[in-house]
Amino acid sequence: MSEKAKNILEKIQKEKIRPRAKYFFVLRDLLVWGLFGLATIVGALAVSVIIFILTDNDWDVYRHLKKSFWGYLFVSLPYFWFLILLALVGAAYWNYKHTRKGYLLNPYILFLSSFLVSLLLGWALFAGGAGERLDRFFGEKIDYYSGAEAHKIKNWSNPESGLLAGK
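J.: So what exactly am I meant to see when it comes to the overall build of the protein chain here?
T.: A tally of regular secondary structure across the protein chain gives 7 helices and 0 strands. Each helix and strand of the protein chain, placed in order from N terminus to C terminus, yields the pattern α-α-α-α-α-α-α. Counting only residues that meet the buried cut, the protein chain has 30% of its 167 residues in that class. The long-range share in the protein chain, meaning contacts at least 24 apart out of those at least 6 apart in sequence, stands at 70%. Approximately 11900 Å² of the protein chain is accessible, and the part contributed by carbon and sulfur atoms is 67%.

Take a look at the structure:
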């Protein structure tokens with residue numbers, strides 16, 4: 001027996017390593033694939049909210065608020081959702097890398113494909129109204145989240161700049 005084989009055998013005996021059944025690895029791969037899919041779907045929900053917030057914004061109001069376009073854009077961007085999207089695309093990437101053949105794909109292609117699937121699915125969800133419903137839900141249920149509606153109210157309730165909210 002070679003020296004390498006002896007070392008491996010000693011390690012197996014010393015650490016009491018036992019073989020695992022095939023179903024363990026199959027279930028683990030299914031779980032990881034499920035988490036990859038879940039992360040991509042939740043990322044798509046984040047994209048739908050981002051699109052909703054950006055399309056529902058009053059882009060012509062920045063002149064009255066004495067802000068530059070870039071300053072208004074900086075204030076209007078939904079950073080919360082961008083961070084969620086980035087975290088979930090990263091989680092999808094990590095999950096896929098831990099599948100049996102996950103090491104074969106280029107990590108940039110994998111990251112980009114997850115991001116693109118989230119974008120396309122997010123656009124479809126936005127078209128179905130999911131972005132607006134999710135933004136309103138978070139605005140009502142989470143104290144620290146101010147949705148698109150609160151942002152509009154804040155902008156239009158600004159009499160110093162000549163903006164008054166009303167019907």
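J.: Even after reading the chapter, I still don't get the pattern of salt bridges, so can you show me in this structure?
T.: Oppositely charged side chains are able to pair whenever their charged atoms sit close together. Overall, the coordinates contain 1 salt bridge when judged by the stated rule. The closest approach of N and O atoms between Arg 136 and Glu 132, which form a salt bridge, is 2.7 Å. With Arg 136 and Glu 132 both in helix α6 (residues 130-141) and 4 residues apart, this pair spans about one turn of that helix.

J.: Got a minute to help me understand the packing of aromatic side chains in this structure?
T.: In this description, an aromatic ring pair is defined by two values, namely the gap between the centres and the angle between the planes. Under the counting rule described, the total for this entry stands at 3 aromatic pairs. Geometrically, the ring pair formed by Phe 24 and Phe 25 is edge-to-face, given 5.1 Å between the ring centres and 85° between the ring planes. Judged by centre distance (6.0 Å) and plane angle (90°), the rings of Phe 137 and Phe 138 are edge-to-face.

J.: How should I be thinking about the nonpolar core in this particular structure?
T.: Where a protein is soluble and globular, its nonpolar side chains tend to be buried together. In this structure, Ala 46, Val 47, Val 49, Ile 50, Ile 51, Phe 52, Ile 53, Trp 81, Leu 85, Val 89, Leu 134 and Phe 138 together form the largest nonpolar core, which totals 12 residues. Of all elements in the fold, only α2 (22-56), α4 (79-97) and α6 reach the threshold of two or more residues within this core.

J.: Help me out: how do you make sense of the packing of α2 against α4 in this one?
T.: The angle between the axes and the distance between the axes are what describe a pair of packed helices. Contact geometry for α2 and α4: axes closest at 8 Å, N-to-C directions at 160°. Relative to α4, α2 is oriented roughly antiparallel. Viewed along their axes, α2 and α4 form a crossing whose handedness is left-handed. Taken together, the residues that form the contact of α2 with α4 break down as 19 nonpolar, 3 polar and no charged.

J.: What's the story with α6 in this structure? I'm lost.
T.: Since the α-helix packs 3.6 residues into each turn, any two residues three or four apart lie on the same face. With 12 residues, α6 should reach 16 Å at 1.5 Å per residue; the first-to-last C-alpha distance of 16 Å fits that figure. Taken as a whole, α6 has its buried residues at Ala 130, Gly 131, Leu 134, Asp 135 and Phe 138. Seen along its axis, α6 keeps its buried residues to an arc of 130°; they face one direction. In α6, the exposed positions that point more than 90 degrees away from the buried face belong to Arg 133 and Glu 140.

J.: Explanation requested: the environment of Tyr 93 in the structure shown.
T.: Positionally, Tyr 93 belongs in helix α4. Sequence separation of Tyr 93 and Leu 110 is 17 residues, and the distance between their C-alpha atoms is 6.4 Å. Tyr 93 has contacts with Pro 107, Leu 110 and Phe 111, leaving out every residue within four places of it along the chain.

Conventions used here
- Residues numbered from 1 in each chain as written.
- Predicted model: local features only at pLDDT ≥ 70, side-chain atom pairs only at ≥ 80, totals over all residues.
- Heavy atoms only, no water.
- Helix = DSSP H or I, 4+ residues; strand = E, 2+ residues; numbered from the N terminus.
- Buried < 20%, exposed > 50% of the residue type's maximum accessible area, 1.4 Å probe, protein only.
- Contact = heavy atoms within 4.5 Å.
- Areas by Shrake-Rupley, 256 points an atom, 1.4 Å probe, with all protein chains shown as cover.
- Salt bridge = Lys/Arg side-chain N within 4 Å of Asp/Glu carboxyl O.
- Phe/Tyr/Trp six-rings, centres within 6.5 Å; stacked < 30°, edge-to-face > 60°.
- Core = buried A, V, L, I, M, F, W, Y, C linked by side-chain atoms within 4.5 Å.
- Axes fitted to C-alpha atoms, helices over the stretch in contact; angles between N-to-C directions.
- Parallel < 35°, antiparallel > 145°, perpendicular 65-115°, else oblique.
- Left-handed = near helix turned anticlockwise from the far one by under 90°.
- Nonpolar A, V, L, I, M, F, W, Y, C, P; charged D, E, K, R; others polar.
- Expected span 1.5 Å × (residues − 1).
- Arc of directions from axis to C-beta.

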